[in-house]
Amino acid sequence: SQQGEEDPQALSIQEGENATMNCSYKTSINNLQWYRQNSGRGLVHLILIRSNEREKHSGRLRVTLDTSKKSSSLLITASRAADTASYFCATGGSARQLTFGSGTQLTVLP
Amino acid sequence: DAEITQSPRHKITETGRQVTLACHQTWNHNNMFWYRQDLGHGLRLIHYSYGVQDTNKGEVSDGYSVSRSNTEDLPLTLESAASSQTSVYFCASSESRGSTDTQYFGPGTRLTVL
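The notes below deal with the structure included here.

Parameters and conventions
Per chain, the residues get numbers from 1 upward, laid out in the order the sequence is written. Chains carry letters and ligands carry numbers; both start at the beginning, A for chains and 1 for ligands, and go up in the order they are written. Only residues with pLDDT of at least 70 get local features here, since the model is predicted, and only at 80 or more are side-chain atom pairs given and counted; chain-wide, interface and lining totals rely on the full set of residues. Each side-chain value is worked out from all heavy atoms of the structure, with water and hydrogens disregarded. Each helix is a run of DSSP H or I of at least 4 residues and each strand a run of E of at least 2, with the numbering of both proceeding from the N terminus. When a residue's accessible area, from a 1.4 Å probe over protein chains only, is under 20% of the maximum for its type it is buried; when over 50% it is exposed; and in between it is partly exposed. To be clear on the numbers: accessible area is Shrake-Rupley with a 1.4 Å probe, and residue cover counts the displayed protein chains and nothing else. Neither His nor the chain termini are counted; the positive set is Lys and Arg, and the negative set is Asp and Glu. A single reference atom marks each charge: NZ on Lys, CZ on Arg, CG on Asp, CD on Glu. Two strands pair if DSSP finds at least two bridges between them. Side-chain atoms within 4.5 Å are what join buried Ala, Val, Leu, Ile, Met, Phe, Trp, Tyr and Cys residues into a set we call a nonpolar core. We call two residues in contact when some of their heavy atoms are within 4.5 Å. For this analysis, a ring pair means two rings from Phe, Tyr or Trp (six-membered ring only for Trp) whose centres lie within 6.5 Å, classed as stacked if their planes differ by under 30 degrees, edge-to-face if by over 60, and tilted for the remaining angles. Buried area adds together the accessible area that both of two parts lose upon being put together, with accessible area traced by a 1.4 Å probe. Basic side-chain nitrogens of Lys or Arg form a salt bridge, by our definition, when they fall within 4 Å of a carboxyl oxygen of Asp or Glu. N or O atoms within 3.5 Å of each other form a polar contact, as long as, within protein, one can give a hydrogen and the other can take it, and as long as residues adjacent in sequence are counted only when both atoms are side-chain atoms. Classification used: nonpolar for Ala, Val, Leu, Ile, Met, Phe, Trp, Tyr, Cys and Pro, charged for Asp, Glu, Lys and Arg, polar for all others including Gly. Only protein atoms enter the calculation, which uses a 1 Å grid: trapped sets of points that fit a 1.4 Å probe without letting it out are cavities, open sets showing protein on both sides within 12 Å along at least five of seven lines are pockets, and any residue with an atom within 4 Å of a point is a lining residue. Grid points are joined across faces, edges and corners, and a volume is the space filled by probe spheres set on the points.

**Concerning the overall build of chain B**
Now for step 1: When its secondary structure is counted, chain B shows zero helices and 11 strands.
Now for step 2: In chain B, the order of α-helices and β-strands from amino to carboxyl end is β-β-β-β-β-β-β-β-β-β-β.
Now for step 3: Principal-axis analysis of the C-alpha atoms gives chain B an extent of 40 × 30 × 25 Å.
Now for step 4: The buried share among the 114 residues of chain B stands at 50%.
Now for step 5: Total accessible area on chain B stands at roughly 5,400 Å², and carbon and sulfur atoms take up 45% of it.
Now for step 6: Charged side chains in chain B number 9 positive and 12 negative. The centres of these two groups are separated by 7 Å.

Set out below in structure tokens:
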């Protein structure tokens, strides 16, 4: 079973708009990571937030983490057509493994 | 530049055949992982290794095996391929640094079992 569950499963927005994706998880974590997957490609790491952090920024990405609610959100500002991809959250615990959610498919329309 | 490669990129095989998917990384990472990706299931962990001669079962290990004879390679073997193993397979590696464990993924192998 998956630790993380993304919401929504699919999201379609216009270029220039902001995109927000949410992730919920079940057990305690050391960190939470977000990955992007372009069609037909492998996953690429985007950003990591540790369990003692509440917010992190990287370029147009903003990640928040609420450990009391066991949830995280990924905000992509000023979306571009090139942001069209699937986005996955992954939780890291005490072991060296990651547990991935089922992903959000983001489509940015030009 | 360091990278992680998978071969073949596409494979069609028949039920009952043994199939081996290759994964090679030049990151010099200790940790390597095999996942399968199916619609509606995200990525599910098949097997993983934390170093040479170390292998461990993941969530969906039945029908699969791995071996780790060196740092760079973790081949995944399907002992007797089944149609349920039709999927896209991803290999990943990571180097543990405290509590991060960021993973680097290969491009994937699309396997079809007829």
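After that view, the rundown keeps rolling.
**Describing the pairing of strand S6 (residues 54–57) of chain B**
Remark: a regular strand shows side chains that alternate across the two faces of the sheet.
Residues and elements named next belong to chain B.
Now for step 1: Sheet topology note: the strand S5 (residues 42–51)/S6 ladder contains three bridges and is antiparallel. When the sheet's bridge partners are listed, Tyr48 is paired in S6 with Asn56.
Now for step 2: Linking S5 back to S6 in an antiparallel pair, the connection comprises two residues, with Gln53 at a positive phi of about 70°.

**Description of the nonpolar core**
Across soluble globular proteins, nonpolar side chains show a tendency to be buried alongside one another.
Now for step 1: Core analysis: the biggest nonpolar cluster contains 21 residues, and A:Met21, A:Leu32, A:Trp34, A:Leu74, A:Ile76, A:Tyr87 and A:Leu106 have the highest contact counts within it.
Now for step 2: Counting only elements with at least two residues in this core, the list comes to strand S3 (19–24), strand S4 (31–37), strand S5 (43–50), strand S7 (61–66), strand S8 (71–76), strand S9 (85–92) and strand S11 (104–109) of chain A.
Now for step 3: In contact with A:Leu32, not counting residues within four places along its chain, are A:Cys23, A:Tyr25, A:Ile47, A:Leu48, A:Ile49, A:Leu65, A:Ser72, A:Cys89, A:Ala90 and A:Thr91.
Now for step 4: In this structure, B:Cys23, B:Trp34, B:Val60 and B:Tyr89 belong to the second largest nonpolar core, which totals 18 residues.

**Focus: the packing of aromatic side chains**
Now for step 1: Within the structure shown, the criterion is met by 10 aromatic pairs over all chains.
Now for step 2: On the basis of an interplanar angle of 85° and a centroid distance of 5.4 Å, the ring pair of A:Phe100 and B:Tyr35 is categorised as edge-to-face. Taken together, the positions of A:Phe100 in strand S10 (residues 98–100) and B:Tyr35 in strand S4 (residues 31–38) put the pair across two chains.
Now for step 3: Ring pairing ties together the aromatic residues A:Tyr35, A:Phe100, B:Phe33, B:Tyr35, B:Tyr48, B:Tyr50 and B:Phe105, which thus form one cluster.

**As for the interface of chain A and chain B**
Interface size is commonly expressed as the accessible surface area that is lost when the partners come together.
Now for step 1: With 22 residues of chain A in contact, the opposing surface of chain B contributes 22 residues.
Now for step 2: Summed over both sides, the interface of chain A with chain B buries roughly 1,800 Å², with 48% coming from carbon and sulfur.
Now for step 3: Per-residue buried area on chain A facing chain B is highest for A:Leu43, A:Arg96 and A:Gln97; these three make up 34% of the total on that side.
Now for step 4: Taken together, the links from chain A to chain B amount to zero salt bridges.
Now for step 5: The tally of links between chain A and chain B comes to three residue pairs in polar contact (both at pLDDT 80 or more).
Now for step 6: For the side of chain A that touches chain B, the residue count by class is seven nonpolar, 12 polar and three charged.

**A few points about the layout of surface pockets**
Now for step 1: Computed from the structure, the largest pocket encloses a volume of approximately 680 Å³.
Now for step 2: In this structure, the largest pocket is lined by 30 residues; those nearest its centre are A:Gln37, A:Ser86, A:Phe88, B:Gln37 and B:Leu39.
Now for step 3: Per-element accounting of the lining of the largest pocket gives the leading share, three residues, to S9(A).
Now for step 4: Partitioning the lining of the largest pocket into residue classes produces six nonpolar, 19 polar and five charged.
Now for step 5: Taken together, A:Arg36, A:Asn38, A:Arg41, A:Gly42, A:Leu43, A:Val44, A:His45, B:Gln103, B:Tyr104, B:Phe105, B:Gly106 and B:Pro107 form the lining of the second largest pocket.
Now for step 6: At the level of elements, S5 of chain A together with strand S10 (104–105) of chain B are the ones that each hand at least two residues to the lining of the second largest pocket.
Now for step 7: The element best represented in the lining of the second largest pocket is S5(A), accounting for three residues.
Now for step 8: In terms of residue class, the lining of the second largest pocket is made up of five nonpolar, five polar and two charged.

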